[in-house]
Structures are given as C-alpha cells and as structure tokens.
Amino acid sequence: MMATPHITAQEGDFAPCVLMPGDPKRAQRMAESILTDPRLVTQVRGMMGFTGTYAGPGEFHGRPLSIMGSGMGMPSIAIYATELYRFYGVSRIIRVGTAGGISPKVKVGDVLIGVGAHTTSSMNELRIPGTHYSAVADLPMAAAAWKAGDDSMTLHCGTIISADHFYFSIPGQLDGLVAHGVLGVEMEAASLYAVAAEHGTGALCVLTVSDHLTSKGADMSADERETKFQGALTLAVAAAFV
C-alpha cells in the first residue's frame, strides 16, 4: 500500500511522466482529450489525477502518461511535485497552464516555453544558504518542446516570472521585467524547477498566454482558459517522452 498526505494513488498508479495543469477540471479535460481509458488514481481535496496511455498520433501513441492538477501557487505545486518525485517514481513533470503576457512580443494565444523562472517568492532563497537560486527547466525537455512547435502556433522560448501575488505588484517592477525580456507571469514554475533539481528529475513549464499585462486586447474567458490548451499540450507531450 502507498499513499501520501495529499495523494491516495497506489504504487505503480502514476506513469513516469506527469502533465500538470493547475485546475483539476482542466486535468480531467486533458485526460479525456489525449488518454485512452483514463483512470482516476487520486482525488484528495478534489485534486484529480489520471493515468492512461497516450492516444495521439505518432511515435508516442500507446505510451503511459499521467495528468494531475497542481492547484494554484508555488507551495501547492511543491507539495504535489515532491510527493510524485519522491514516493511515486515520477521522473518528469510538465506544467501545462496559462500566463499573463509581459513582453510586447507576446500576444494572447501565444505559447511560452519557460526555460528559466524568476520569482517574487522567498521559497527558493531558503534552499541554499547565502545563494540566489536559479530556477531553470530541463534543457532536453525544453528543446523537445520547441522542436514540436509548428505553424499552427506562435511560440516563444525564454524566461518567465513566478509570482506570489495575483493582484498585487511592486511599482516599477513590470517596467523592469519588460526591459529584461521576461515573456510572461504565472505562479508555479520557479518552485517546480527547484523541486525537480532537488530530486535529480526533470521539469518544464509550457504556457498559453491568456491575457496581457502591458498590451490592450481581448483576454481569454474562463471557458477558453479550460479548453484552449491544445498547442501547449502538444509541446508538453513531446517533452514528456524525450
């Protein structure tokens, strides 16, 4: 028998690779979209996780894959990622989520590959005394995701920022992020990358831009945030099986 305080799955219930959106309902949508006979393996506090085999075309068809929600914020994803890596033998986690655009080069609907994640959180400062920790993605996974891009999507690869606050920002901060080429903002990647480094495993963040902080334009609706993930999902699958 195996279970953790936050996951009730048993040994062998998770595939080596887990795709991890924030919203558990989005995890269910993804599982129903790309897995053959997805099986619910955990649902503690409504955080659903599914395992099945990839049903898409190409060389990855039929390979085992899991999809699980992470909740919102760095503490939440750190809990689930730690338990998946440490207790369930997971070797790769790919966050598939949404981001607010920051760079003027980025538009709503574009897809971002976060190769590095700045953060406003102090979580990673506590990892190594006297060190400003650099939270970076797994390079082969990022390269595989980039290679999987096609003409159906506008793809960007670079740094993002993981924020503790959704509504609060420091005066002047946004201008500085734009000046340093940061692509977008979300709330989980920096923590996920650090947890992966701690466990010697792989992690990547692939994001669909759902709104923009510096440019005017139509934001995605709540329904669109749940359904318009196909481009990012294609990249995430490629990274999962690198």
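Our subject is the structure listed above.
In every chain, residue numbers begin from 1 and rise along the written sequence. For a predicted model such as this one, the threshold for reporting local features is a pLDDT of at least 70, and the threshold for listing and counting side-chain atom pairs is 80 or more; totals across whole chains, interfaces and linings nevertheless cover every residue. Where side-chain values are given, they derive from all heavy atoms of the structure, hydrogens and water being excluded.

Brief notes about the packing of helix α3 (residues 139–147) against helix α7 (residues 230–240)
Our working definition: An axis is simply a line fitted to the C-alpha atoms; with a helix, the fit covers only the stretch in contact. Between two such axes, the angle follows the N-to-C directions and lies from 0 to 180 degrees. Secondary structure counts use DSSP, requiring at least four H or I residues in a row for a helix and at least two E residues in a row for a strand, with both numbered from the N terminus. Any angle that is under 35 degrees is reported as roughly parallel, and any over 145 degrees as roughly antiparallel; angles of 65 to 115 degrees are reported as roughly perpendicular and all others as oblique. A clockwise turn of the near helix away from the far one marks a right-handed crossing, whereas an anticlockwise turn of less than a right angle marks a left-handed crossing. By definition in these notes, contact holds between two residues if any of their heavy atoms fall within 4.5 Å. Asp, Glu, Lys and Arg are counted as charged, while Ala, Val, Leu, Ile, Met, Phe, Trp, Tyr, Cys and Pro are counted as nonpolar; the rest, among them Gly, fall into the polar class.
Where α3 contacts α7, the axes come no closer than 8 Å and their chain directions differ by 135°. Comparing their axes, α7 and α3 come out oblique. Seen along the crossing, α3 lies across α7 with a hand that is right-handed. Seen from α3, the contacting residues are Met141, Ala144 and Ala145; seen from α7, they are Leu235, Ala238 and Ala239. When grouped by side-chain class, the residues that make up the contact of α3 with α7 number six nonpolar, no polar and no charged.

Comments concerning the environment of valine 178
By the element assignment, valine 178 lies in helix α4 (residues 173–179). Expressed as a C-alpha distance, the spacing of valine 178 and serine 103, which sit 75 residues apart in the sequence, is 5.5 Å. When residues no more than four places from it in sequence are discounted, the contact partners of valine 178 are Ile102, Pro104 and Thr214.

Here we look at helix α1 (residues 24–34)
Note the cut-off: Between buried and exposed lies partly exposed: a residue is buried under 20% and exposed over 50% of the maximum accessible area for its type, with that area taken using a 1.4 Å probe on protein chains only. Within this analysis, the arc is defined by the directions that extend from the helix axis to the C-beta atoms. We define a polar contact as two N or O atoms separated by no more than 3.5 Å, with the added condition that, inside protein, one atom must be a possible hydrogen donor and the other a possible acceptor, whereas residues neighbouring each other in sequence contribute only through side-chain atom pairs.
Those residues of α1 not exposed but buried are Pro24, Arg26, Ala27, Met30, Ala31 and Ile34. The buried residues of α1 occupy an angular sector of 150° when the element is viewed end-on, so they sit on one face. For α1, exposure combined with an orientation more than 90 degrees from the buried face picks out Lys25 and Glu32. With a side-chain oxygen positioned 2.9 Å from the backbone nitrogen of lysine 25, the residue opening α1 is aspartate 23.

Quick look at helix α2 (residues 74–87)
Keep this limit in mind: For a helix, the expected span equals 1.5 Å multiplied by the residue count minus one.
Helix length check: α2, at 14 residues, gives a terminal C-alpha distance of 20 Å against a target of 20 Å (1.5 Å per residue), a fit within 8%. The buried fraction of α2 amounts to ten of the 14 residues, a majority that puts the element mostly inside the structure. Glycine 89 sits one or two residues past α2 and shows a positive phi near 70°.

Here we look at the layout of surface pockets
By rolling a water-sized probe across the atoms, one finds the places where empty space is left. Applied cut-off: Two kinds of site are reported from a 1 Å grid over the protein atoms alone, namely cavities, where a 1.4 Å probe fits but cannot get out, and pockets, open sets with protein on both sides within 12 Å along at least five of seven lines, and residues are called lining when an atom falls within 4 Å of a point. Grid points are joined across faces, edges and corners, and a volume is the space filled by probe spheres set on the points.
Here the largest pocket defines a volume of roughly 880 Å³. His165, Phe166, Val185, Glu186 and Met187 are, among the 34 residues lining the largest pocket, the residues nearest its centre. Those elements giving two or more residues to the lining of the largest pocket turn out to be β5 (92–101), α4, β8 (184–186), β9 (202–212) and α6 (222–227). Among the elements that make up the lining of the largest pocket, the one with the highest residue count is β5 (five residues). Its residues assigned to classes, the lining of the largest pocket shows 15 nonpolar, ten polar and nine charged. Along its surface, the second largest pocket is lined by 14 residues, and Ala117, His118, Thr119, His132 and Tyr133 are the ones closest to its centre. With four residues, the top contributor of residues to the lining of the second largest pocket is strand β6 (residues 111–119). Grouping the amino acids of the lining of the second largest pocket by side-chain chemistry returns four nonpolar, nine polar and one charged.

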